[in-house]
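Observations on chain architecture
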Amino acid sequence: MREEIYIGGQWCRPSSGGSLPIINPATEEKIGSFAAGNAEDIERAVSAATKAFHGSWGHTSGRERACFLEQIAQVIEREQEHLARLEVLDNGKPLAEALWDIEDTAGCFRYYAGLARELEEGCVSPVELPDPRFQSQAVREPAGVAGLIIPWNYPMLMAAWKVAPALAAGCAMVLKPSELTSMTALELARIAHQVHLPAGVLNVVTGTGLEVGAPLCRHQDVQKVAFTGSVETGRAVMKAAAENITPVSLELGGKSPILVFDDVDLDTAVEWIMFGIFWNKGEVCSATSRLLVQQGIYEPLMKKLVDAAEKLRIGDGLTEGIQLGPLVSQGQYEKVSAYLQRAKAQGLKLLTGGVRPAHLSKGYFLAPTIFDQVPEDSEIWREEIFGPVLAARTFEDELDAIGQANKSRFGLAAAVMTQDEDRLLRMARALRAGIVWLNCSQPTFCEAPWGGRGLSGIGRELGPWGLENYLETKQVTRFRDGEKLGWYGIG
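Here we summarise the structure given alongside this text. (Residues numbered from 1 in each chain as written. Predicted model: local features only at pLDDT ≥ 70, side-chain atom pairs only at ≥ 80, totals over all residues. Heavy atoms only, no water.)

**Points about the packing of helix H1 (residues 39–54) against helix H7 (residues 209–217)**
Where H1 contacts H7, the axes come no closer than 8 Å and their chain directions differ by 45°. The angle between H1 and H7 places the two elements in the oblique class. When the axes of H1 and H7 are compared, the crossing they make is right-handed. Contacts between H1 and H7 involve Ala39, Ile42 and Val46 from the first element and Glu211, Val212, Pro215 and Leu216 from the second. The residue inventory of the contact of H1 with H7, partitioned by class, reads 6 nonpolar, no polar and 1 charged. (Axes fitted to C-alpha atoms, helices over the stretch in contact; angles between N-to-C directions. Helix = DSSP H or I, 4+ residues; strand = E, 2+ residues; numbered from the N terminus. Parallel < 35°, antiparallel > 145°, perpendicular 65-115°, else oblique. Left-handed = near helix turned anticlockwise from the far one by under 90°. Contact = heavy atoms within 4.5 Å. Nonpolar A, V, L, I, M, F, W, Y, C, P; charged D, E, K, R; others polar.)

**Considering the environment of Val328**
Counting through the fold element by element, Val328 comes out in the loop between helix H10 (298–310) and helix H11 (330–345). Using a relative accessible area of 4% as the deciding quantity, one classes Val328 as buried. The spatial distance from the C-alpha of Val328 to the C-alpha of Gly387 is 9.6 Å, given a sequence separation of 59 residues. If we ignore the near neighbours within four places in the chain, the residues touching Val328 are Pro25, Asp90, Asn91, Trp152, Leu180, Thr181, Lys281, Glu283 and Tyr364. (Buried < 20%, exposed > 50% of the residue type's maximum accessible area, 1.4 Å probe, protein only.)

**What about the nonpolar core?**
Within the largest apolar cluster, 109 residues are counted, with the highest numbers of intra-cluster contacts made by Phe109, Leu167, Leu175, Val260, Leu291 and Leu301. Listed in part, the 30 residues of the second largest apolar core include Ile7, Val174, Leu216 and Phe410. (Core = buried A, V, L, I, M, F, W, Y, C linked by side-chain atoms within 4.5 Å.)

**As for the environment of Asn153**
With respect to the helices and strands, Asn153 occurs in the loop between strand S7 (145–149) and helix H5 (155–169). Once the C-alpha coordinates of Asn153 and Lys176 are considered, the two residues, 23 residues apart in sequence, prove to be 14 Å apart. Here Asn153 is in contact with Asn91, Lys93, Met158, Asn280, Glu283, Val284, Cys285 and Phe386, once residues within four sequence places are set aside. Reaching out from Asn153, the side chain makes a polar contact with the backbone oxygen of Glu283 at a distance of 3.1 Å. (Polar contact = N/O pair within 3.5 Å; in protein donor to acceptor, adjacent residues only side chain to side chain.)

Here you go:
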């Protein structure tokens, strides 16, 4: 992996001359290094993006931008295996999951290519006015230079969620990937260079949040900041952007509930519960990590769930058949482990997991973990853990289920399992979340809005809502030729 950053269409050394290690979370071994950028590099990158935006890129048509998006999608599809393996080495997820992520990444670029073409036809909308002497239009224009900061749980896919709509809108941008998983962001820069995306439109600066992310957020020439990550860092992003009143969109954490009623098929419910918390090792912002089960089926469902969890194959994501890889880093492993140690010390009942699997002496591995009848005031019920940890409780009826589910400062997602169609509709209306899944958990599509309420963030990504993040609306009003204002009695 090159120890360079990508600025103005060129690969260059960071101003600091320093680097950061790439650690394989399955082996704890250093497998390479990447450039450690700083504020000086951000200054250069924003300058390059500003030059590109005010140059030819700012005058491109939606169809022209769609061609670049399509070409990027095609290269990603051709290189799916290579890119997926990099994701496994960087993040630790199983290869099968990484392949799915890269497929979705290509699909995201292709989807926004379509919206870019539509934008060309619909960027100007007439506005009806009560005074016939005036004509008015609403014009949608690219916001300008966007600062994009992405997390480590879905490295290339999260880049696509921001880069693709920003390109479609006509913005230029500076992308800052997580310092834990920077490899595929640099590969995206390589692909952009390969398809001849104009210099300065996409700039990638790697490094820490303090050295790269903070100066990007407070830069006076950045007109939009989009961030995905933790609540704590989201607050810091808002404060930094507030210096210049820069608009921000934040996709933060979650502590999402999954409600299981007593009319479900138990095996089907177990499968969706497992998918909701153990997919991507539980390192998912929308993970349904709070399990609420109606009292009558709690014991049989939990028995099936524990049996299924203990059968998951855990190991290096590049090993065939592995279903659960290591946590992303030593820091994340220690954070999750600390939650578990405190929960055990408090006397919470552990049904399974909570420790390193016996057959794995190295790597940041944690067995799938399930706690039983977790009190509502427990931190593992209230706080986002971001690991394969499920907290379970019972409920009596719909009113009780809604009350427990909505008792959270987060509001990203929620899931409901029941065969009662009327109940599904009632639950969908009553749950305070930006995303509600009915008889499923975690399906995600480029076409549908993504985002939450409360501590889960501000704004929406994906679909046309994601495109709107990078557009500004301008009013253009003219006075009709030949008309007279008559305000001062003139004419």
